[in-house]
Amino acid sequence: MLRNKIFGSSKPKNVHSLENLKYLYNVLLRHQTVTESNRALLVETLRSISEILIWGDQNDSTVFDFFLEKNMLVFFIKYLEQKSGQYISVQLLQTLNILFENISKETCIYFLLSNNHVNSIISHQFDFTDEEVMAYYISFMKTLSLKLNKYTIHFFFNEHSEDFPLYTQAIKFFNHSESMVRIAVRTITLNIYKVENQRMQTFIREKTCAPYFSNLVWYMGNHVLELNSCVQHDINHKSKDKLQDLVAEHLDHLHYLNDILGLGIDLLNNILTDYLLNRLYIPLYVNSLIPDQDSQKPAPQISAAVSLFLLSQVFLIIHHQPLVRRLMSLLLGPTRGNTGAFSSTESALHPTIVQFIAPDVSLKDEFVHLERRASAPVSTLESAPMEQLEDQQESASPEVGLSESQTNTTDDEKLGKDSVTASSLSLLQRPYIKAIVECLDAVDDDFRALLALCLLYAIGQNTGLNQEQLDTINFTTRMSKRKDTYNELLVDKIIKIITLSSQFGKYHAGTLKILY
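Right, let's get into the overall build of the protein chain. Check the secondary structure of the protein chain and you find 27 helices and zero strands. In the protein chain, 70% of the contacts between residues at least 6 apart in sequence involve partners at least 24 apart. When the accessible surface of the protein chain is split by element, carbon and sulfur atoms take 51% of a total near 25600 Å².

The full count for this structure, using the stated rule, is 20 aromatic pairs. Considering the side-chain rings of Phe-64 and Phe-67, the 6.0 Å spacing of their centres and the 50 degrees angle between planes classify their relative orientation as tilted. Taken together, the residues span about one helical turn, with Phe-64 and Phe-67 both in helix 4 (residues 61-69) at a distance of three residues. In terms of burial, Phe-64 and Phe-67 fall into one category: buried.

Contact pair helix 3 (residues 39-59) / helix 4: the axes reach a minimum separation of 6 Å and the direction vectors enclose 130 degrees. By the criterion of interaxial angle, the relationship of helix 3 to helix 4 is oblique. In this structure, helix 3 contributes Ile-49, Ile-52, Leu-53, Trp-55, Gly-56 and Asn-59 to the contact, and helix 4 contributes Ser-61, Val-63, Phe-64 and Phe-67. Looking at the contact of helix 3 with helix 4 residue by residue, the class counts come to seven nonpolar, three polar and no charged.

Now for the environment of Glu-162. Locating Glu-162 in the fold gives a position in the loop between helix 10 (153-156) and helix 11 (165-170). By relative accessible area, Glu-162 is classed as partly exposed at 21%. Along the sequence, Glu-162 and Met-200 sit 38 residues apart, while their C-alpha atoms lie 8.9 Å from each other.

Okay, unusual backbone geometry next. Note: most residues except glycine have negative phi, and most peptide bonds are trans. Look at Asn-71: it is not a glycine, yet its phi comes out positive at around 50 degrees. Among the secondary structure elements, Asn-71 is positioned in the loop between helix 4 and helix 5 (73-81). Asn-71 gets classed as partly exposed once you look at its relative accessible area, which sits at 28%. The phi torsion at Asn-116 lies on the positive side, around 65 degrees, for a residue other than glycine. Mapped onto the elements of the fold, Asn-116 is located in the loop between helix 7 (106-113) and helix 8 (117-123).

The next point concerns the side chain of Asn-228. Considering the arrangement of structural elements, one finds Asn-228 in helix 13 (residues 198-233). Once residues within four sequence positions are removed from consideration, Asn-228 is found in contact with Gln-301, Ile-302, Ser-303 and Val-306.

Quick look at helix 12 (residues 179-193) now. Two residues of an α-helix separated by three or four positions point the same way, owing to the 3.6 residues in each turn. With 15 residues, helix 12 should cover 21 Å at 1.5 Å per step; its first-to-last C-alpha distance of 21 Å lies within 8% of that length. Across the 15 residues that make up helix 12, a large majority, eleven, are buried. For helix 12, the elements touching its buried residues are helix 9 (131-146), helix 11, helix 13, helix 14 (240-262) and helix 15 (266-286).

Next up on the list: the nonpolar core. If you look at the biggest cluster of nonpolar residues, it comprises 141 residues, and the most contacted ones within it are Phe-164, Tyr-193, Ile-204, Tyr-212, Tyr-281, Tyr-285 and Phe-315. With 13 residues, the single largest contributor to this core is helix 13. Once residues lying within four places of it in the same chain are set aside, the contact partners of Phe-315 are Val-324, Leu-327, Met-328, Leu-331, Leu-455, Ala-458, Ile-459, Asn-462 and Leu-465.

Okay, the confidence of the model for the protein chain next. Looking at the protein chain as a whole, its pLDDT mean stands at 81, while 79% of the residues score no less than 70. Under a pLDDT of 50 for its full length, residues 377-409 has, in the predicted model, 21 contacts with residues more than four places off or in other chains. Here residues 412-424 scores under 50 on pLDDT; set against residues more than four positions off or in separate chains, the count is 17 contacts.

Let us look at the packing of helix 12 against helix 14. The interhelical angle for the contact between helix 12 and helix 14, taken along N-to-C directions, is 5 degrees, at an axis separation of 10 Å. Relative to helix 14, the element helix 12 lies roughly parallel. Here Arg-182, Arg-186, Thr-189, Leu-190 and Tyr-193 of helix 12 come into contact with helix 14, specifically with Glu-249, Asp-252, His-253, Tyr-256, Asp-259 and Ile-260.

Turning our eyes to something else, we now look at the environment of Phe-75. Looking at the element boundaries, Phe-75 is found in helix 5. For the pair formed by Phe-75 and Leu-29, sequence separation is 46 residues and the distance between their alpha carbons is 8.6 Å. Ignoring any residue separated from it by four or fewer positions in sequence, one finds Phe-75 in contact with Tyr-25, Leu-28, Leu-29 and Gln-32.

For the rest of this paragraph, the subject is a negative patch on the surface. A contiguous patch of negative charge on the surface is contributed by Asp-127, Asp-130, Glu-131, Glu-132 and Glu-178. One can find Glu-131 in helix 9.

So, on to the pattern of salt bridges. Across all of its chains, the model carries eight salt bridges by this definition. Where Glu-249 meets Arg-186, a salt bridge forms, and the shortest distance between an N and an O atom there is 2.9 Å. Residue Glu-249 is found in helix 14, and its partner Arg-186 is found in helix 12; the two are separated by 63 residues along the sequence. On the basis of relative accessible area, Glu-249 is assigned to the buried category, the value being 8%. Residues Asp-441 and Lys-493 are paired through a salt bridge, measuring 2.5 Å at the closest nitrogen-oxygen approach. Placement of the pair is Asp-441 in the loop between helix 23 (431-438) and helix 24 (447-461) and Lys-493 in helix 26 (residues 488-501), with a sequence separation of 52 residues.

All right, on to helix 13 then. With 36 residues, helix 13 should reach 52 Å at 1.5 Å per residue; the first-to-last C-alpha distance of 49 Å fits that figure. Of all the bends in helix 13, the greatest reaches close to 60 degrees and is centred on Thr-208; the proline Pro-211 follows between one and four positions later. N-capping of helix 13 is provided by Asn-197, with a side-chain oxygen placed 3.3 Å from the backbone N of Arg-199.

Cut-offs used in this document
- Residues numbered from 1 in each chain as written.
- Predicted model: local features only at pLDDT ≥ 70, side-chain atom pairs only at ≥ 80, totals over all residues.
- Heavy atoms only, no water.
- Helix = DSSP H or I, 4+ residues; strand = E, 2+ residues; numbered from the N terminus.
- Contact = heavy atoms within 4.5 Å.
- Areas by Shrake-Rupley, 256 points an atom, 1.4 Å probe, with all protein chains shown as cover.
- Phe/Tyr/Trp six-rings, centres within 6.5 Å; stacked < 30°, edge-to-face > 60°.
- Buried < 20%, exposed > 50% of the residue type's maximum accessible area, 1.4 Å probe, protein only.
- Axes fitted to C-alpha atoms, helices over the stretch in contact; angles between N-to-C directions.
- Parallel < 35°, antiparallel > 145°, perpendicular 65-115°, else oblique.
- Nonpolar A, V, L, I, M, F, W, Y, C, P; charged D, E, K, R; others polar.
- Expected span 1.5 Å × (residues − 1).
- Core = buried A, V, L, I, M, F, W, Y, C linked by side-chain atoms within 4.5 Å.
- pLDDT = per-residue confidence, 0-100.
- Patch = residues over 30% accessible without salt bridge, like charges linked within 9 Å, V, L, I, M, F, W, Y side chains within 5 Å.
- Salt bridge = Lys/Arg side-chain N within 4 Å of Asp/Glu carboxyl O.
- Lys, Arg positive; Asp, Glu negative; His and termini not counted.
- Charge placed at Lys NZ, Arg CZ, Asp CG, Glu CD.
- Bend = angle between axes of the 7 residues up to and from the residue.
- Polar contact = N/O pair within 3.5 Å; in protein donor to acceptor, adjacent residues only side chain to side chain.

Okay, here's the thing in C-alpha cells:
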C-alpha cells in the first residue's frame, strides 16, 4: 500500500477522472518496453487512455492538459519503434482512431497534431500483411483526412521539406486487394484535394499527380481488360457475380474521377483529363470500336460491346467539358487511329503519346524517391525541381512532334476546326460513329443494339457536350435550338428496331424502353 502511494499507482475508483489518467501514465512509465508478459496490460491501458481523453474533452479540460503536459503520444511512437511493438499496434491505431473521431474541440485537435508525432505514426512501417493492422491504419488515415481544413493542413504538409505523408502514404494503397481500403483511399484523396491551400495543391500537381494518375489509369485499364475477359468467356453466365463486382468497381472509379473533376481544380483536372484520354479512353475504349487488323503489334483491345458499355457510362457519369468534348470530337472524327496526344497545357507532367501502356515507374518507387528528397538538405532542393522539369520538357518535346504554331492552338480552336471539318461529312464517313450506328442493325440479337442505344442516350443527356458538335450529324437533343431536323439514317434504324420489337422474341423490352 505504501509503495502504491509513493509511485501513485493506486488505481482510482472513478474511471473517468484526471487521477485515473495519472495512474495510467505511471503504468506507461513502468512499462516502456513491450514484452509478451505486459502487452495485455498495455493494450488495456491504451484503450482506457482514449476513453478518458474523450470524456475529458467534454467534461474536464485538465485531463487533456495533463496528457499534453506529459507528452504521452511519445510513448505511442516508442512502442511502435520496438520490434515487439507489433503486438500492440492494432490497439494503438484503434486508440488513435477513436481519439480523433471523438475529440470535438479544435484546440485539443491542434495540440494532438503538434510536434509532428502523428506524421511519424503515419510514416511508420506497419506490418500491412496483417489485415487487422491494415484496416485500422487506413481507418485512422481516413479519420485524419476528415479533420483537414485550411488551418490543420499545416500540421500534415511540410512545404519546406515537401513532405506530405498523409497523402503519399495513402495513395500507395489505391490498388489494394481489399475494396474497403481502395474506397478509403479515394475518400482520403478527395478530402485532401478539397483543402484550399495553394502550396499544397502545387506540391500535389508537380510531385504526385503524374505518377498517381498514370498508375491509377493503368490500374483501371487492366481492370477493364479483366471485365472484358469475363464477358467473352462467360458464355453460360456462370461468372455473373464476378462480372457484377467488376462492373461495380468500374462505376466506383468513374464516380471517383467525376468527384475529382467536379472540385474544379484546374491544376489537377488538366493532368487527369490528359491521362484519361491519352492512356485509357482513346487507345482502349474508342479504338476498340474498330479493331485494328493491320498492325503487326496489336495494342490491347476490348470487344465492341464492352467498349459501347464503357463509353456510355463515361458520358452518363462524367460531364467535365474538356474531357467529354474532346472525346466526342474523336467519335465524330473522319479518321481512325492515334492523331497525337491531347494536352490541356504545355507541361512535361502530361502524357505525350496516345497508348495504353504501363507507367515508367511504380507509385511506390516514385514515392521512395520523393521521400529521399524530403529528407535531403533544403539547399539541394531549391533548384532541383525546376531543373528536373526543364529536363523533362526537353526530353518530352520531340515525342510530341508539334511545331510552335501548333502548340499555341487552344483546345477550343482545335475542337472548332474538328467541327468545321466534320460538318461536311456524312455520318457514314465517320468511322467511329458509323461503327456505333451499325450496331443498331442487329436482327437476331439485340445485345449490341441495346448498348449502342445506351451510348447514344448518354451522349444526348450529357450537359458538358457542345451541341454544335452534335449538330454536324443532325443529332437532336434537348439542348438543340432547332427541332425541325434529324438524322435520317439514325431515325430509320430506330424505326426498324421498333418494328422488330413487335415480333416475338426479337428484342427485349429494355431495348424498346430506352427509346421512349
